[in-house]
Amino acid sequence: MKALLCKAFGPAETLVLEDLPSPEPKGNEVLIEVHAAGVNFPDSLIIEGKYQFKPPFPFAPGGEVAGVVKAVGAKVGHLKAGDRVMALTGWGGFAEEVAVPAYNVLPVPESMDLTGAAAFGMTYGTSMHALKQRASLQPGETLLVLGASGGVGLAAVEIGKAMGARVIAAASSAEKLEVARNAGADALINYNEQSLKDEVKKLTNSQGADVIYDPVGGALFEEAFRSIAWNGRFLVVGFAAGGGIPALPANLPLLKGASLVGVFWGAFAQRQAQDNADNFRQLFAWHAEGRLKPLVSQTFPLTRGGEAINILAKRKAVGKLVIQVR
Ligand SMILES: NC(=O)c1ccc[n+]([C@@H]2O[C@H](COP(=O)([O-])OP(=O)(O)OC[C@H]3O[C@@H](n4cnc5c(N)ncnc54)[C@H](OP(=O)(O)O)[C@@H]3O)[C@@H](O)[C@H]2O)c1
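On a predicted model such as this, the values are computed, not experimentally measured, just so you know.

**Focus: the overall build of the protein**
When helices and strands are counted, the protein shows 11 helices and 15 strands. Taking 326 residues into account, the globule formula puts the C-alpha radius of gyration at 20 Å, and the protein, at 20 Å, falls close to it. Along the first, second and third principal axes, the C-alpha atoms of the protein reach 60 × 40 × 35 Å. Intrachain contacts of the protein at a sequence separation of at least 6 include 69% that bridge at least 24 residues.

Here it is in structure tokens:
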């Protein structure tokens with residue numbers, strides 16, 4: 001089987017397509033014939049050795065896939081060859097086959113094709129957990145989403161609407177904001193051209209946003225926190241802007257009676273598997289009703305997987321990029 005391999009930490013141009021033997025599924029594993037692999041921000045970090053996990057060489061990047069089960073290990077009872085599935089792989093997804101622990105594999109609902117399924121799990125799983133378990137977002141509350149046209153950001157816009165919130169989308173260009181508007185955002189802020197704090201104030205009658213979803217970090221982090229409402233919840237999701245981990249003066253949460261809330265979906269999915277499964281039941285139902293429409297803006301063949309990672313890392317992607325393996 002072919003895999004796009006990282007043989008030493010470095011830029012996406014150093015990935016090479018090679019033949020490897022098919023993986024053997026261990027007792028608790030599922031062997032998947034990969035049809036499509038979603039591209040996510042961590043793929044750009046893992047190949048450079050900048051991610052929290054450093055797999056042994058050679059490894060393929062690719063943290064999530066969708067495909068068809070080829071074989072299952074002896075201890076796997078609930079899945080069988082031929083099932084359509086989506087899975088979180090951590091890495092290894094930019095390949096024709098991947099073996100994954102069964103607890104990270106979900107059946108794909110009928111309403112979803114395999115390309116859409118490869119673009120769904122990580123982003124919608126993260127944003128649902130953030131808005132439901134971490135923020136307790138309530139109908140009628142105002143949700144401000146930064147990086148609102150990106151993978152997790154766009155999912156947060158759609159889920160926020162499905163939960164009954166008023167959604168303010170913030171992003172760095174008019175084109176990106178249009179994508180967020182099409183996903184249902186009620187109001188838009190271009191933080192390259194406008195003051196985030198002043199615009200949130202105008203849009204909320206000076207009350208601020210009840211929940212702030214931040215996958216960007218950098219200089220926007222503190223400015224966004226200064227836009228939070230009384231009793232607000234600020235979700236720390238990621239640091240796509242780079243430039244180090246931002247810090248917050250502790251008087252800011254004090255003055256607003258507000259919370260700074262961490263989001264770590266991967267750990268949640270492991271520690272609270274039942275709650276995560278309930279989240280996906282709801283997400284799949286919303287998808288079947290047409291309320292969630294994952295945006296796959298571009299697909300790439302496996303040979304061009306590095307190019308896809310570069311587009312994401314250079315801030316040029318909207319929605320999701322997907323590697324079409326088959
Ligand atoms: N906590 C969790 O459980 C969890 C789960 C999944 C992902 N994440 C994290 O969430 C973040 C976003 O992931 P994603 O897959 O949604 O990425 P993405 O699709 O690339 O979206 C990131 C957004 O961040 C903004 N951004 C600002 N500065 C950037 C820069 N220098 N480079 C790239 N983007 C920049 C961009 O929007 P604008 O141009 O509009 O600013 C972009 O749309 C990452 O840090 C990822 O590690 C966290």
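**Notes on the site of the ligand**
Around the ligand lies a shell of 25 residues, among which Ser172, Lys176, Tyr191, Val263 and Arg315 are the nearest. One of the backbone N or O atoms of Phe41 is found 3.2 Å from an oxygen atom in the ligand. In this structure, Ala240 approaches the ligand through a main-chain N or O atom, which is 3.4 Å from a nitrogen atom. Secondary structure elements with two or more residues in the shell around the ligand: α1 (41-46), α4 (151-162) and α11 (305-313). Looking at the shell around the ligand residue by residue, the class counts come to 16 nonpolar, seven polar and two charged. Domain assignment of the residues forming the shell around the ligand places at least three in each of domain 1 (2-120 + 295-324) and domain 2 (123-266).

**Overview of the domain arrangement of the protein**
Accessible area lost when the parts come together is the quantity often used to give the size of an interface. Its domain assignment divides the protein into domain 1 (2-120 + 295-324) and domain 2 (123-266). Placing the centre of domain 1 and that of domain 2 at their C-alpha centroids yields a distance of 28 Å. Counting residues at the interface gives 12 residues for domain 1, matched by 14 residues for domain 2. Grouping the constituent residues of the side of domain 1 that touches domain 2 by class yields seven nonpolar, three polar and two charged.

**Overview of the packing of aromatic side chains**
In this description, a pair of aromatic rings is defined by centroid distance and the angle of the planes. Scanning all chains against the criterion turns up 10 aromatic pairs. Ring geometry for Tyr51 against Phe53: centres 5.8 Å apart, planes inclined by 65°, an arrangement best described as edge-to-face.

**Here we look at unusual backbone geometry**
Most peptide bonds take the trans form, and the phi angle of most residues other than glycine is negative. With omega at -10°, the peptide bond leading from Phe57 into Pro58 counts as cis. Along the polypeptide, Pro58 turns up in the loop between α1 and β4 (64-72). The residue Asn205 is not glycine, and still its phi comes out positive at about 55°. With respect to the helices and strands, the residue Asn205 is situated in the loop between α6 (196-203) and β11 (209-214). Look at Asn205 and you get exposed, because its relative accessible area is 65%.

**Re α6**
Turn by turn, an α-helix covers 3.6 residues, leaving residues three or four places apart pointing in a common direction. Turning to α6, its buried residues number three or more, namely Leu196, Glu199 and Val200. Buried residues in α6, looked at end-on, bunch into an arc of 100°, giving them a common side. Those residues of α6 that are buried lie in contact with β8 (142-145), β9 (166-171), β10 (187-190), β11 and α7 (220-225). Once α6 ends, the next one or two residues include Asn205, with phi positive near 55°.

**What to know about the pairing of strand β12 (residues 228-236)**
If a strand is regular, its side chains alternate between the two faces of the sheet. With five bridges connecting them, β11 and β12 associate as parallel partners. The residue bridging Ile212 from the neighbouring strand is Phe234, located in β12. Following the chain from β11 across α7 to the adjacent parallel β12, one finds a crossover that is right-handed. Pairing analysis gives four bridges linking β12 to strand β13 (residues 259-262), with the strands arranged parallel. For Phe234, the partnering residue across the bridge sits in β13 and is Leu260.

**Structural notes on the sheet that holds β10**
Across the sheet, which stays open at both edges, the six strands sit in the order β10-β9-β8-β11-β12-β13 with parallel pairing between neighbours. In this open sheet, the two strands that pair with only one neighbour each are β10 and β13. Averaged over all pairs of adjacent strands, the angle between their axes in this sheet comes to 20°, without regard to strand direction. As defined by bridge partners, β8 adjoins β11 across three bridges and the pair is classed as parallel. By the bridge assignment for β11, Val145 is matched with Tyr213. Here helix α3 (residues 121-134) sits on the sheet and contacts β8, β11, β12 and β13; the angle it forms with β11, its principal contact strand, is near 150°. Against the sheet, α4 touches β8, β9 and β11, its axis set at about 170° to β8.

Conventions used here
- Residues numbered from 1 in each chain as written.
- Predicted model: local features only at pLDDT ≥ 70, side-chain atom pairs only at ≥ 80, totals over all residues.
- Heavy atoms only, no water.
- Helix = DSSP H or I, 4+ residues; strand = E, 2+ residues; numbered from the N terminus.
- Rg over C-alpha atoms; globule rule 2.2 N^0.38 Å.
- Contact = heavy atoms within 4.5 Å.
- Near = heavy atom within 4 Å.
- Polar contact = N/O pair within 3.5 Å; in protein donor to acceptor, adjacent residues only side chain to side chain.
- Nonpolar A, V, L, I, M, F, W, Y, C, P; charged D, E, K, R; others polar.
- Domains from an automatic or database assignment.
- Phe/Tyr/Trp six-rings, centres within 6.5 Å; stacked < 30°, edge-to-face > 60°.
- Buried < 20%, exposed > 50% of the residue type's maximum accessible area, 1.4 Å probe, protein only.
- Arc of directions from axis to C-beta.
- Pairing = 2+ DSSP bridges.
- Right-handed = clockwise from strand over helix to strand, strands pointing away.
- Axes fitted to C-alpha atoms, helices over the stretch in contact; angles between N-to-C directions.

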